[in-house]
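# Notes for the structure review
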Amino acid sequence: DAKTTQPNSMESNEEEPVHLPCNHSTISGTDYIHWYRQLPSQGPEYVIHGLTSNVNNRMASLAIAEDRKSSTLILHRATLRDAAVYYCISWNSGGSNYKLTFGKGTLLTVNP
Amino acid sequence: DTGVSQNPRHKITKRGQNVTFRCDPISEHNRLYWYRQTLGQGPEFLTYFQNEAQLEKSRLLSDRFSAERPKGSFSTLEIQRTEQGDSAMYLCASSDLKGTGGNEKLFFGSGTQLSVL
């Protein structure tokens, strides 16, 4: 799995957009970019993933740089419930690359 | 869809005792994963099953750790002769392989918090 780099922590205000960056400069052409988040005392939760094109779902948007060396998770209007650790992971579970490998992630604090 | 269920939620044991955790995956999910998480760290992969076959167990932390998934349904993780360093959150996840390659999504349970005194 390609190594990803994320800031240790970020802070946002409620109802404002949040842009969580991730660098993955050594990503292979077949690795997808996955985002999971972990709320306090819970297991990780899938957020979104993509390969090359930007992706949107009900939780967030994922903007992927044209060279795929970086991406940004966008929460359009942060709520207090979005306070969590966000993990950016590059992964393709095909072949022998079976495991999702987590780093330390970004701790997002949302201020009321 | 009731989600991935893990029991117990909390386990306190004395050093040297054996403990067993159970994971019930989402129905018909054929892949099942075990992870361990210590404070301030991301989850660390331990082992995984595809149906009843344990396809990777080299990341189990020592021979005191073992996992089973009889009949490809629920799974158990056992730790024998527990040590204080085993204190951690043990997480289970499942996936259905409907998404292949990079489209696989893992669904995690809430974990079992183990405290070894």
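Preceding this paragraph is the structure being described.
Here's a quick rundown of the structure. Just so you know, these numbers come straight off a predicted model, no measurement behind them.

Looking now at the sheet that holds strand S7 (residues 65–68) of chain B. Residues and elements named next belong to chain B. Judged by pairing direction, the sheet is antiparallel, and its 4 strands sit side by side in the order S1-S3-S8-S7 without closing on themselves. Edge positions in the open sheet fall to strand S1 (5–7) and S7, since each of these has one partner strand only. Averaged over all neighbouring strand pairs, the angle between strand axes comes to 15 degrees, with direction disregarded. Relative to strand S3 (residues 19–24), S1 runs antiparallel, the two being bridged by 3 bridges. If you follow Asn-7 over to S3, its bridge partner there is Arg-22.

Contact residues are listed per partner, giving 23 residues for chain B and 21 residues for chain A. Note on chain B versus chain A: buried area summed over both sides is about 1,800 Å², and carbon and sulfur give 52% of it. On inspection of chain B and its partner chain A, the count reaches 0 salt bridges. Across the contact surface, chain B and chain A share 6 residue pairs in polar contact (both at pLDDT 80 or more). Residue assignment for the side of chain B that touches chain A shows that the elements contributing at least two residues are strand S4 (31–37) and strand S5 (44–50) of chain B. For the side of chain B that touches chain A, the leading source of residues is S4 of chain B, giving 4 residues. Among the residues forming the side of chain B that touches chain A, the class breakdown is 8 nonpolar, 9 polar and 6 charged.

All names here are of chain A. Here 4 strands make up an open sheet; going across it, the order is S2-S7-S6-S5 and the pairing antiparallel. At either margin of the open sheet sits one strand with a lone partner, and together these are strand S2 (18–23) and strand S5 (55–56). One ladder, built from 6 bridges, connects S2 with strand S7 (residues 70–75); its direction is antiparallel. From the neighbouring strand, Cys-22 faces S7, where its bridge partner is Ser-71.

The subject of this paragraph is the pairing of strand S6 (residues 61–64) of chain A. Residue and element names in this part refer to chain A. As paired strands, S5 and S6 are joined by 2 bridges and run antiparallel to one another. Bridge pairing links Val-55 to Leu-62 in S6. In textbook terms, the turn of a hairpin is the stretch between consecutive antiparallel strands, and for S5 and S6 this stretch comprises 4 residues. As defined by bridge partners, S6 adjoins S7 across 4 bridges and the pair is classed as antiparallel. Counterpart to Leu-62 in the pairing with S7 is Leu-73. Connecting S6 to the next strand, S7, in antiparallel fashion are 5 residues, including Arg-68 with a positive phi near 65 degrees.

Parameters and conventions
Residues numbered from 1 in each chain as written. Chains lettered and ligands numbered in written order. Predicted model: local features only at pLDDT ≥ 70, side-chain atom pairs only at ≥ 80, totals over all residues. Heavy atoms only, no water. Pairing = 2+ DSSP bridges. Helix = DSSP H or I, 4+ residues; strand = E, 2+ residues; numbered from the N terminus. Axes fitted to C-alpha atoms, helices over the stretch in contact; angles between N-to-C directions. Contact = heavy atoms within 4.5 Å. Buried area = accessible area lost by both parts, 1.4 Å probe. Salt bridge = Lys/Arg side-chain N within 4 Å of Asp/Glu carboxyl O. Polar contact = N/O pair within 3.5 Å; in protein donor to acceptor, adjacent residues only side chain to side chain. Nonpolar A, V, L, I, M, F, W, Y, C, P; charged D, E, K, R; others polar.

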